[in-house]
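Analysis of the macromolecular model
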Amino acid sequence: MIRLERRPAPSRAWAWATPLLAVLATMVAGGLLFAFLGKDPLLVIRTIFWDPVLGEFAFYYRGQLLVKAGPLILIAIGLSLGFRAGVWNIGAEGQYIMGAICGAAVGLAFYPMEARWLIFPMMVLAGGLGGFLWAMIPGILRTRFNTNEILVSLLLVYVAEQILAWMALGPLRSPDGAGFPGSRNLRHYDAAANHELIAGSGMHWGVVAAFVAVILSHVLLTRHILGFNIRLAGASPRAARFAGVSPGWLVLTCLGVSGALAGLAGLFEVAGPAGQINIDFNVGYGFTAIIVAFLGRLHPVGIMLAGFLMALTYIGGEAAQATLGVPAAAIQAFQGMLLFFLLALDVMTNYRVRVDVRARA
Amino acid sequence: MGRSVRRDPGSDGAARVSTPLLEVQGLRKAYPGVVANDDVSFSARRGEVHALLGENGAGKSTLVKTVYGLLRPDDGRMQLDGRVYAPASPHDARQAGVAMVFQHFSLFEALDVAENVALGMEVPPPMRELATRIRDVSETYGLPLDPSRLVGTLSAGERQRVEIIRCLLQDPQVLIMDEPTSVLTPQEVAILFETLKRLRAEGKLILYISHKLEEIRALCDWATILRHGKVTGSCDPRQKSARELAETMVGSELALPAARTQDPGEVALSIAGLTAASGAAFGTELKNISLEVRRGEILGIGGVAGNGQDELLAALSGESRSAPDSILLGDLPIGSFGPNERRALGVLAAPEERLGHATAPDMNLIENAALSGRHRMRMVSRGFVNWRKARAHAEHVIKQFDVRVPGAGSVARSLSGGNLQKFVIGREILQQPDVLVVNQPTWGLDAAAAAAIRQSLLDLASQGAAVIVISQDLDELMEISTRFSALNEGRLSEPRDAAGLTLEEIGLMLGGAHDLEIGQGSSGPERAVGPGETVP
């Protein structure tokens, strides 16, 4: 008989090994999936994980790595604070959209003014604020009426998508766009653009913000009383109450911070890589960031590494789609497997497997 | 260690000549890192209440779980009635005539008594017949119980009766009882003992696990004493004093608490007319609670758990708020203050649940020291935690309170109950509180750890702090309280001087005086039944 037995203390070795094993298991299971799809599994895996970094066309992909990893890391850092506290913001995608809309709207409102020193910072503020306020809806509903923030924040993603479509077709539609949906392209409006800081590197202000967030959240979690309260509330809600932590206040803080960071990610994306508010603006960063947060073990440095790994699967996945004809859904399933294996293997951190040799009498 | 009573089990002369019903030989059971039972041997005969006595972690539970077929031993063998007995499951054990009443009940509150009993049977008879049989058994053994009552409406003592009757319907030869009196009022204990004595007279063997030495001396015919998984002695507990038993159990001299201070100071904290709904789903509402506690005294609050203890602690710790002037610290109304504001003023608390309320299980002792000590021990400046101070506080507690742990970096859940409780109490005491409120400070602890904690509470009071001890353990409260009161269904009885109280008076306070007027109603759960008296 095989049994799981709780460890007296969590295993450090397993805590470190789990993400690596999860990646390996995903490669194996994903390879099988691709094999069933009639592709050469080794080739697909190589296309996803190897070529973007070290392959022939890596010079093109490397810049993309920061572009994709930036928003993932920025959003995941915010989410990880909530997840640590037991506050489940699943709607970062919606907050990302709302941040982008608010930030872009502020920028577009000033068009064609040239004062970048004023306009860009105001857009950043508006972006953060948009995400913050959108996250306050599940926050206030939870603290006032005890609704479930998982459901509310998730459903608000679809509301945000509707608003996005309305904005792209209505209020924010470019007057010079010949009736096509989509706002003016902010990249062509210097005062509002989030340009690459070093040409070809993919480095823009959003990536800088992501790295700053990694450092600040690490300091917050290890040194600051708020970080301690967050960890305490997640580890044991009753002990947190005993320690004087107000649960409602913590819910609002966590949702607010994660919403604001998701909003910022949206703003930097719309003013930079995406360029405009359009119907297809959001590509699922807000959801993928959930995987990133867990893959990084809710640890800031881990999240940074996980963000790069997920960015790689995005880029490599696109390459696999383009060159090998692997369906997009297979790539998404592949990303989902990563979370699945991670959570499954995570059991080993707190439990060990025991095999009873002796059979039942 | 075990010097005075080490004898071969069963070789104690004329008192134990009849052939044993249950014989255990060389039983061994090891878990990773600990040997729970090591070469355990004892024998018990028919018509005996046989105590298994030992500290927490001595291996009593492992032993009876092995007898009941829940665990399989690594080595050793058992005989039941002269035949080899090796139950692979509780089902086998029941077939062989071994039944067990657990410390924690497994009953469905939404079902009635008969339905609950039927659920535990292999082949339940028709309901009507079952109800008759339940009534018969409950009358035969003096366990008043109505088979049609919903279990959700029963007291803890009545629920235990359901479990006992469930066992008795199988007509067992061996009945195992794990800490049966921990949830009972003194009157309910009296009823239980009467039942056990009748079972003994019928020739059944009762294996009785308890920490409570007086109880074992009153009830049991023979005791096997375990320590660190080994049998360290066996004796007739009626021939020994509680102190001798405790010494064998603990293996070292008990520290007897010093005398309490005699003249209390001014009122430190008072509650006037506090009424508070419970935050928990099945909690108890506090009804018009009033009390005063003075500097230098210990106010003991007795009562069976679930009668508002958790709610009273929460109201005092600040986890639940009330009207400002319902709680006064000196003259200062603090009812609306949160836990940290109260801590700043010197009102500290230690909740009952050590893991998950007093401490976060997966956090280490340094972090858990910061949990309650952050402000009073000045661990936080400008929002940043000074972990060196937190570590210093944790290490101070570990040293002063003899917390046995590899280091302050150990996570709370890796500590044994006694060590963690010493940490929890020490963490508050070393913050030098003016008022300390503790709930069930020694619950489930072995005698040595419990004595150490009681002593530290007495010391704190003698240094001029006001201490409120909420506890189910009456012996404990009698030992340390200056004044005594009891919680029953959210009402607090008028506190009285502990010196001179009789057991009857205490029982009445625990049961709530309002039960007296109900008088002879057959459903009164707390009604005392004298020896030999049969309940209609």
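Counting from 1, residues in each chain are numbered in the order their sequence is written. Labels are handed out in written order, letters beginning with A for the chains and numbers beginning with 1 for the ligands. Totals for whole chains, interfaces and linings use all residues, but because this is a predicted model, local features are given only for residues with pLDDT of at least 70 and pairs of side-chain atoms are given and counted only at 80 or more. Note: side-chain values were computed over all heavy atoms of the structure, leaving out hydrogens and water.

**A word on the overall build of chain A**
Secondary structure follows DSSP: runs of H or I at least 4 residues long count as helices, runs of E at least 2 residues long count as strands, and numbering of each begins at the N terminus. When its secondary structure is counted, chain A shows 14 helices and two strands. Here the radius of gyration uses the C-alpha set of atoms, whereas the globule reference equals 2.2 Å times the residue count to the power 0.38. Compactness check: chain A gives a C-alpha radius of gyration of 22 Å against a globular reference of 21 Å for 361 residues, within 12% of the reference. Summarising its shape, the C-alpha atoms of chain A cover approximately 85 × 55 × 35 Å along the three principal directions. Exposure categories follow from relative accessible area, calculated using a 1.4 Å probe and restricted to protein chains: below 20% of the type maximum is buried, above 50% is exposed, and the middle band is partly exposed. Sorting the 361 residues of chain A into buried and exposed places 52% on the buried side. Contacts are assigned to residue pairs with any non-hydrogen atoms lying within 4.5 Å of each other. Here the analysis covers contacts within chain A between residues at least 6 apart in sequence; of these, 77% occur between residues at least 24 apart. In this description, accessible areas are obtained by the Shrake-Rupley approach with a 1.4 Å probe, and a residue is regarded as covered only by the protein chains that are shown. Surface accessibility of chain A: about 16,300 Å² in total, with carbon and sulfur atoms responsible for 69%. One way to put it: in chain A the 24 positive side-chain charges average out to a point 17 Å from where the 16 negative ones average out. For the purpose of counting charges, residues Lys and Arg are taken to be positive, whereas Asp and Glu are taken to be negative. His and the chain ends are not included. Charge placement uses NZ in Lys and CZ in Arg. For Asp and Glu, CG and CD serve respectively.

**Considering the environment of B:Trp443**
Residues and elements named next belong to chain B. Mapping Trp443 onto the fold places it in the loop between β19 (435-439) and α14 (447-462). Residues Trp443 and Val117, spaced 326 residues apart in sequence, show a C-alpha to C-alpha distance of 30 Å. In this structure, Trp443 is in contact with Arg354 and Gln472, ignoring residues within four places of it in sequence.

**Some points on the sheet that holds strand β6 (residues 98-101) of chain B**
Residues and elements named next belong to chain B. By definition, two strands form a pair when at least two bridges between them are found by DSSP. Pairing is mixed across the open sheet formed by six strands, whose spatial order is β6-β7-β8-β3-β9-β10. Edge positions in the open sheet fall to β6 and β10 (230-235), since each of these has one partner strand only. Across the sheet, the mean angle from the axis of one strand to that of its neighbour is 20°, orientation sign disregarded. With axes taken as lines fitted to C-alpha atoms, and helix axes fitted only over the stretch in contact, angles between N-to-C directions fall between 0 and 180 degrees. Of the strands in this sheet, β6 and β7 (174-178) touch helix α5 (residues 156-168), which is tilted by about 175° from β6.

**As for helix α13 (residues 300-324) of chain A**
Take the residue count of a helix, subtract one, and multiply by 1.5 Å to get its expected span. With 25 residues, α13(A) should reach 36 Å at 1.5 Å per residue; the first-to-last C-alpha distance of 35 Å fits that figure. Once α13(A) finishes, A:Gly325 follows within two positions and takes phi at roughly 70°, a positive value.

**With respect to the interface of chain B and chain A**
Taken together, the contact between chain B and chain A spans 35 residues of the former and 29 residues of the latter. For the pairing of chain B and chain A, the buried interface totals around 2,700 Å² over both sides, and the portion due to carbon and sulfur atoms is 54%. A quick way to say it: buried area is the sum, across both parts, of accessible area lost when two parts are put together, with a 1.4 Å probe. When the buried surface of chain B facing chain A is broken down by residue, B:Arg374, B:Trp387 and B:Arg413 rank first, second and third, together holding 21% of it. Counted as salt bridges are all cases of a side-chain nitrogen of Lys or Arg within 4 Å of a carboxyl oxygen of Asp or Glu. On the surface where chain B and chain A come into contact, there are two salt bridges. One salt bridge connects B:Glu367 with A:Arg231, and the closest N-O pair in it is separated by 2.5 Å. By the criterion applied in these results, polar contacts are pairs of N or O atoms within 3.5 Å in which, for protein atoms, one can donate a hydrogen and the other can accept it, and in which residues neighboring in sequence qualify only through two side-chain atoms. There are 14 residue pairs in polar contact (both at pLDDT 80 or more) connecting chain B and chain A.

**So, the sheet that holds strand β14 (residues 327-329) of chain B**
Residue and element names in this part refer to chain B. Spatially, four strands are ordered β12-β11-β14-β15 in an open sheet, and the strand pairing comes out antiparallel. Each having just a single partner strand, β12 (286-294) and β15 (332-333) make up the two edges of the open sheet. Summarising the sheet, β14 and β15 pair through two bridges and their orientation is antiparallel. Residue pairing across strands places Leu329 opposite Leu332, the latter belonging to β15.

**A word on the packing of aromatic side chains**
Between 30 and 60 degrees the pair is tilted, below 30 it is stacked and above 60 it is edge-to-face, where a pair is any two Phe, Tyr or Trp rings, Trp via its six-membered ring, whose centres lie within 6.5 Å. Summed over all chains, the structure comprises 15 aromatic pairs over all chains. For the ring pair B:Phe193 and B:Tyr208, a centre distance of 6.4 Å and an interplane angle of 75° mean the geometry is edge-to-face. With B:Phe193 in helix α6 (residues 186-201) and B:Tyr208 in strand β8 (residues 205-210), this residue pair connects regions lying 15 residues apart in the sequence. You can call B:Tyr208 buried: its relative accessible area is 0%. An aromatic cluster is present here, built from A:Tyr96, A:Phe281, A:Tyr285 and A:Tyr314 joined pairwise through their rings. Here the basic side chain of B:Arg343 rests over the ring of A:Phe242, its NZ or CZ set 4.7 Å away from the ring centre. When the NZ atom of lysine or the CZ atom of arginine is within 6 Å of a ring's centre and also within 35 degrees of its normal, the charge is said to sit over that ring.

**Side note on a nonpolar patch on the surface**
Residue and element names in this part refer to chain A. Where nonpolar side chains cluster on the molecular surface, the patch consists of Ile2, Leu4, Val347, Val353 and Val355 and spans about 450 Å² of accessible area. Residue assignment for the nonpolar patch shows that the elements contributing at least two residues are β1 (2-6) and β2 (351-355). Mapped onto the elements, Val355 comes out in strand β2. In this analysis, a patch consists of residues with relative accessible area above 30% that form no salt bridge, clustered at 9 Å for like charges and at 5 Å for the nonpolar side chains Val, Leu, Ile, Met, Phe, Trp and Tyr.

**Brief notes about the pairing of strand β3 (residues 48-54) of chain B**
Residues and elements named next belong to chain B. Most of β3 sits out of view: seven of its seven residues are buried. The alternating pattern of β3 places Glu48, His50, Leu52 and Gly54 on one face and Val49, Ala51 and Leu53 on the opposite face, and all of these are buried. The pairing of β3 with β8 spans six bridges and is parallel. Considered in β8, the bridge of His50 is made with Leu207. Across five bridges, the pairing between β3 and strand β9 (residues 222-227) is parallel. Bridged to Ala51 within β9 is Ala223.

**With respect to the packing of helix α9 (residues 225-235) of chain A against helix α11 (residues 247-271) of chain A**
Residue and element names in this part refer to chain A. Where α9 meets α11, the axes come as close as 11 Å, and the angle between the chain directions of the two elements is 110°. In terms of orientation, α9 lies roughly perpendicular with respect to α11. The residues of α11 that touch α9, namely those facing Leu226, Asn229, Ile230 and Ala233, are Trp249, Leu250, Thr253 and Cys254. For this classification, under 35 degrees means roughly parallel, over 145 means roughly antiparallel, 65 to 115 means roughly perpendicular, and everything else is oblique.

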